[in-house]
Amino acid sequence: MAGRPREFDRTKALHDAMLLFWERGYEGTSVGDLSEALDIGKPSLYAAFGNKENLFLEALQLYEDRYGCFSPDALNEAPTARIAFAETLRRNAESQLNPDTPPGCFIVLAATVGTPQNAEVRAHLTRRRQATRDHLAARLARGIADGDVPASADPQAIATFYATVINGLAIEARDGAQQADLDRIVTGALAAWDSLVGA
């Protein structure tokens with residue numbers, strides 16, 4: 001008599017898929033790769049997640065919920081904009097080299113270039129990265145309103161600079177940078193604060 005079929009653990013499968021996408025990127029991960037990593041047949045994979053793009057988007061959401069390199073809540077809880085940016089950059093640098101996950105940030109690394117048919121996946125990630133910049137700009141605007149950032153400061157320009165630093169940390173981490181290297185980048189970026197805000 002045949003044994004009972006092994007139960008499919010969707011939560012574990014999604015986590016494994018997230019790690020694979022994080023390591024190889026969207027286009028570098030085939031359905032065959034996913035089927036092998038998740039130890040399920042392609043029909044079961046499609047039944048559970050719909051298609052590769054849907055699985056990727058679910059994996060991306062899991063990443064943001066569990067490992068995300070950026071926290072709008074933490075940004076908003078800090079008493080001043082400068083403290084908020086300092087804590088955000090330091091936390092981001094620390095998160096890039098978690099020994100239990102691939103180095104770098106999923107959102108930055110997973111799909112910046114690729115074929116035309118995957119343009120919507122890239123656009124989705126672009127929107128996520130732009131959301132980080134928008135959160136930074138909003139925190140600067142609040143700093144102006146609170147009086148801890150000069151009224152002459154340009155929130156969009158400053159936010160773009162620091163968002164670029166955040167994106168760069170992910171690339172440096174993937175390229176083999178050590179924690180001390182990332183920390184030095186953050187220290188340099190924070191040293192530019194007074195000049196950027198016009199203090």
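The name an unreviewed UniProt entry gives the protein chain is TetR/AcrR family transcriptional regulator, with Devosia neptuniae as the organism.

Chemist: Would you take a moment to explain the packing of helix 6 (residues 81-95) against helix 8 (residues 119-146) for this structure?
Modeler: Packed helices, taken two at a time, are described by the angle their axes make and the gap between the axes. Where helix 6 contacts helix 8, the two axes come as close as 9 Å, and the packing angle between them is 155°. The pairing of helix 6 with helix 8 is recorded here as roughly antiparallel in orientation. Residues A81, A84 and F85 of helix 6 touch helix 8, and the partners they reach there are L136, R139, L140 and G143.

Chemist: Got a minute to help me understand the pattern of salt bridges in this structure?
Modeler: Pairing is possible between side chains that carry opposite charge, provided their charged atoms lie close to one another. If you walk through the whole model with that rule in mind, you get 10 salt bridges. A salt bridge links D16 to K12; the nearest nitrogen and oxygen atoms lie 2.7 Å apart. With a gap of 4 residues between them, D16 and K12 both fall in helix 1 (residues 10-24), about one helical turn apart. With relative accessibility at 48%, the residue K12 sits in the partly exposed group. The closest approach of N and O atoms between R127 and E120, which form a salt bridge, is 2.8 Å. Among the residues examined, R127 registers a relative accessible area of 42% and is labelled partly exposed.

Chemist: How do you make sense of the side chain of K52 when you look at a structure like this?
Modeler: Among the secondary structure elements, K52 is positioned in helix 4 (residues 52-66). Within polar-contact distance, the side chain of K52 engages the backbone oxygen of Y26 at 2.9 Å. Contacts of K52, omitting those with residues within four sequence positions, involve F21, Y26, E27, T29, S30, V31 and L34.

Chemist: Can you help me understand the environment of L109 in this one?
Modeler: For L109, the position within the fold is in helix 7 (residues 106-109). By relative accessible area, L109 is classed as partly exposed at 24%. It is 6.7 Å that separates the C-alpha atoms of L109 and G25, two residues lying 84 residues apart in sequence. Excluding anything up to four places from it in sequence, L109 contacts P103, G104, A170, I171 and R174.

Chemist: Which parts of the structure should I look at to understand the UniProt feature "DNA-binding region" (unreviewed entry) in the protein chain?
Modeler: When the UniProt feature table is mapped onto this chain, "DNA-binding region" (unreviewed entry) is found at residues 30-49. Secondary structure within residues 30-49 divides into 80% helix and 0% strand; the distance between the first and last C-alpha atoms comes to 14 Å.

Chemist: Which parts of the structure should I look at to understand the nonpolar core?
Modeler: Side chains of nonpolar character tend, in soluble globular proteins, to be buried together. One finds M18, F21, L55, F56, Y63 and F106 to be the most contacted residues of the largest nonpolar core, which totals 30 residues. When residues of this core are traced back to their parent elements, those giving at least two are helix 1, helix 2 (31-38), helix 3 (42-49), helix 4, helix 7 and helix 8. Looking at this core, the element that brings in the most residues is helix 1, giving 7 residues. Among residues more than four places away in sequence, those in contact with F56 are F21, Y26, F106, A110, V121 and L125. Of all hydrophobic cores here, the second largest spans 29 residues; its members include A81, I158, L169 and L182.

Chemist: How should the environment of L97 be read in this particular structure?
Modeler: Mapped onto the elements, L97 comes out in the loop between helix 6 and helix 7. Distance from L97 to A119, taken between C-alpha atoms, is 29 Å for residues 22 residues apart in sequence. For L97, the contacting residues outside a window of four places in its chain are P103, A173, A177, Q178, Q179 and L182.

Thresholds, definitions, all that
Here, residues in each chain are numbered from 1, in the same order as that chain's written sequence. Local features in this predicted model are restricted to residues of pLDDT 70 or higher, and side-chain atom pairs are both shown and tallied only at a pLDDT of 80 or more, whereas totals for entire chains, interfaces and linings draw on every residue. Values reported for side chains reflect all heavy atoms of the structure, with hydrogen atoms and water molecules removed beforehand. For helices, the fitted axis covers only the stretch in contact; all axes are lines through C-alpha atoms, and the angles between them, taken along N-to-C directions, range from 0 to 180 degrees. Strands here mean DSSP runs of E at least two residues long; helices mean DSSP runs of H or I at least four residues long; both are numbered from the N terminus. Working definition: roughly parallel below 35 degrees, roughly antiparallel above 145 degrees, roughly perpendicular at 65 to 115 degrees, and oblique for all remaining angles. When checking whether two residues touch, look at their non-hydrogen atoms; a contact exists if any pair is within 4.5 Å. When a carboxyl oxygen of Asp or Glu lies within 4 Å of a side-chain nitrogen of Lys or Arg, that pair is called a salt bridge. Relative accessibility under 20% of the residue-type maximum defines a buried residue, over 50% an exposed one, and the middle range a partly exposed one, all with a 1.4 Å probe and only protein chains included. Polar contact is defined as a pair of N or O atoms within 3.5 Å, subject to the rule that within protein one atom must be able to donate a hydrogen and the other to accept it, and that residues adjacent in sequence are counted only when both atoms are side-chain atoms. UniProt positions are given in the numbering used here, feature names are shortened, and annotations may be inferred rather than shown by experiment. We define a nonpolar core as any set of buried Ala, Val, Leu, Ile, Met, Phe, Trp, Tyr and Cys residues linked to one another through side-chain atoms lying within 4.5 Å.

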